[in-house]
2 protein chains.
Amino acid sequence: MNRRSPAANAQLALLLEVASTPKPGNVDRRRDIPGLRFEHFLAGAVGARDGLEGATADEPVGEAFERAVAGMSDQSGGNTQFGALLLLVPLVKTASLGELSPDAARGVVESTTVDDAAAFYRAFEHVDVAVGDLPEDVDAPDVRRGAAAVAEIEERGLTLYDVLAESADVDGVAGEWVEGFPRSFRVGEDIVTGTGPITDRAAWAFLDQLAREPDTHVAKGHGEAVAHSVMVRAQEARDGNDPALVEAFAESLVEEGINPGTTADVVAAGLFVALERGAEV
Amino acid sequence: MNRRSPAANAQLALLLEVASTPKPGNVDRRRDIPGLRFEHFLAGAVGARDGLEGATADEPVGEAFERAVAGMSDQSGGNTQFGALLLLVPLVKTASLGELSPDAARGVVESTTVDDAAAFYRAFEHVDVAVGDLPEDVDAPDVRRGAAAVAEIEERGLTLYDVLAESADVDGVAGEWVEGFPRSFRVGEDIVTGTGPITDRAAWAFLDQLAREPDTHVAKGHGEAVAHSVMVRAQEARDGNDPALVEAFAESLVEEGINPGTTADVVAAGLFVALERGAEV
């Protein structure tokens, strides 16, 4: 059992996530993608630490998240870990309050406030986050408005949970918030019970998650059909029992410019759960 | 200019050091060595953070170093960054007190106390550090005695500076302490003034340093003659203007089990200097 604090384990989860390879379409130990290099993720994880520490102290989820994102953004690659931090901050808060369980995590996110929502919108000022057009029936201000949306948030009394619940159907990270982090805990369990280097277990969990659900980050950038096709190709790669097949899949996604970022976020959260439950590095 | 604290920059320096490739003989982004994997260094850098934060606060150099080493050791690979931390802790202290200059750093190490020396010896209890037999004329307790040497240290009134001065001739990290960190600052300058990704600049600095001085970690494990031969081979690789030559050199050192750890420590310290002076990631 490691002696690291929840904030330290969350930082290590960010680092192990990017080091795990092969993670088709994503930056990993062996691949960069245009404009986004491995070391940008290292700097992002270093910069996020203070915000993650805040989540273990008395800082509310929104404030800790905004600080983590501000620190993460102190590198030249752009957005590296926005979605991962949106999962990690409430999970770190949950772990620091007591038991890290789906129910306890649900309690943390359901307790978020209007101030947390305002901080979440302000976080978009620190970094350029890929955001798709929301479906017309979504009843929350567009996050692309950043701090300009805060007045409306406050007027309408929307909490951060309310805001994320609006996009839970089209955003895998928001879905985790609303459903009690089922994928994060499942990946955590898969990693804890696996064998071999933890980065190999995380890479397997990435492929498995990519094979189970369309990646919403891919859907935002390339459409639902592409996201579905990536899922099917991930199934073939996962079930083919041939590392060369996975490598070929990884190469092809990089060539096509397809980056399953939401799945990577879920793996980072799962690594955190695994580390908190005693997974060894 | 980044907004990171000295402790954060030191942590990032540890991460960038291990990510830089090729670094012949060392664990890097593309190579593990038997028993020691990339992710052990990630966990080491995460665990070291609290001790590095201590060095920026009121914690004395020895205490901060011992804490950093204890945290670093919370992974299963063994010693990953003991020497690097022995350079980084006084440099972080220097930066947090004001200007990061060789003179100021000299002031910090010359102000170390008997308590600092005691903490240094205790640090060896946390991790198995490769230590060679010291020359017979060295007049300080063998570090392999760990905490058992503390009584003698206190009785004789040896400061940490005194202790390291004794092995400055045979240990490159101790040499840096006594001489005002000349190689660390030189590497820092080389990295700040270089171009391209910072990890490429650090890899070049590693090869250049290996070509300039025999690595004392290699000398301890394999003898002076081997350390000298590695230096000459590094000169050929550096001056050959052929990346394939450097790769071949890297492969051959891994095959021979030769690990120029002291040179890696100096590069980590140099990366810290570079980051403090505004090098961008």
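Above this text is the structure in question.
Residues numbered from 1 in each chain as written. Chains lettered and ligands numbered in written order. Predicted model: local features only at pLDDT ≥ 70, side-chain atom pairs only at ≥ 80, totals over all residues. Heavy atoms only, no water.

Caption draft 1: Focus on the overall build of chain A. Within chain A one finds 15 helices and zero strands. Taken over the C-alpha trace, chain A has a radius of gyration of 17 Å; the compact-globule value for 281 residues is 19 Å, and the two agree within 12%. Overall, chain A is about 55 × 45 × 35 Å in size when its C-alpha atoms are taken along their principal axes. Across the 281 residues in chain A, those meeting the buried criterion constitute 61%. (Helix = DSSP H or I, 4+ residues; strand = E, 2+ residues; numbered from the N terminus. Rg over C-alpha atoms; globule rule 2.2 N^0.38 Å. Buried < 20%, exposed > 50% of the residue type's maximum accessible area, 1.4 Å probe, protein only.)

Caption draft 2: Quick peek at the relation of the copies chain B and chain A. Between the two copies, chain B and chain A, the superposition gives an RMSD of 0.0 Å; the rotation angle is 180° and the shift along the axis is 0.0 Å. Classification of the inter-copy transformation places it as that of a two-fold axis. The C-alpha atom lying nearest the rotation axis in chain B is that of R29(B); the distance is 3.1 Å. (Least-squares fit on C-alpha atoms with pLDDT ≥ 70 in both.)

Caption draft 3: Layout of a negative patch on the surface. A contiguous patch of negative charge, built from E136(B), D137(B), D162(B), E166(B), D169(B) and E179(B), is present on the exposed surface. Mapped onto the fold, E136(B) is located in the loop between helix 6 (114-123) and helix 7 (150-156). (Patch = residues over 30% accessible without salt bridge, like charges linked within 9 Å, V, L, I, M, F, W, Y side chains within 5 Å. Areas by Shrake-Rupley, 256 points an atom, 1.4 Å probe, with all protein chains shown as cover. Salt bridge = Lys/Arg side-chain N within 4 Å of Asp/Glu carboxyl O. Lys, Arg positive; Asp, Glu negative; His and termini not counted. Charge placed at Lys NZ, Arg CZ, Asp CG, Glu CD.)

Caption draft 4: Just the packing of aromatic side chains, in detail. Residue and element names in this part refer to chain A. Across all of its chains, the model carries 13 aromatic pairs over all chains by this definition. Centroid distance F82 to F124: 4.7 Å. Interplanar angle 50°. Geometry classified as tilted. Here F82 is found in helix 4 (residues 82-97), whereas its partner F124 is found in the loop between helix 6 (114-123) and helix 7 (150-156), with 42 residues between them in sequence. By relative accessible area, F82 is classed as buried at 5%. Here the aromatic rings of F120 and F124 are separated by 5.1 Å at their centres, their planes lie at 90°, and the arrangement is edge-to-face. Given a relative accessible area of 14%, F124 falls into the buried group. (Phe/Tyr/Trp six-rings, centres within 6.5 Å; stacked < 30°, edge-to-face > 60°.)

Caption draft 5: Geometry of the pattern of salt bridges. Using the criterion set out here, one finds 46 salt bridges over all chains in the structure. When salt bridges with common partners are traced through the structure, they connect D28(A), R30(A), R31(A), E247(A) and E251(A) into a single cluster.

Caption draft 6: Representation of helix 9 (residues 172-179) of chain A in the model. Most of helix 9 of chain A sits out of view: six of its eight residues are buried. Count one or two residues on from helix 9 of chain A and you reach G180(A), which has phi positive near 80°.

Caption draft 7: Region of interest: the interface of chain B and chain A. Across the contact, 31 residues belong to chain B and 31 residues belong to chain A. On the chain B side of the interface with chain A, the three residues burying the most area are R29(B), D74(B) and V281(B), jointly 27% of the side's total. When the shortest N-O distance is used, the salt bridge between R29(B) and D32(A) registers 2.8 Å. There are 20 residue pairs in polar contact (both at pLDDT 80 or more) connecting chain B and chain A. Contributing elements (two or more residues each) for the side of chain B that touches chain A: helix 1 (6-19) and helix 2 (38-56) of chain B. Per element, the largest residue contribution to the side of chain B that touches chain A is nine residues, and it comes from helix 2 of chain B. Class assignment of the residues belonging to the side of chain B that touches chain A gives a composition of 12 nonpolar, six polar and 13 charged. (Contact = heavy atoms within 4.5 Å. Buried area = accessible area lost by both parts, 1.4 Å probe. Polar contact = N/O pair within 3.5 Å; in protein donor to acceptor, adjacent residues only side chain to side chain. Nonpolar A, V, L, I, M, F, W, Y, C, P; charged D, E, K, R; others polar.)

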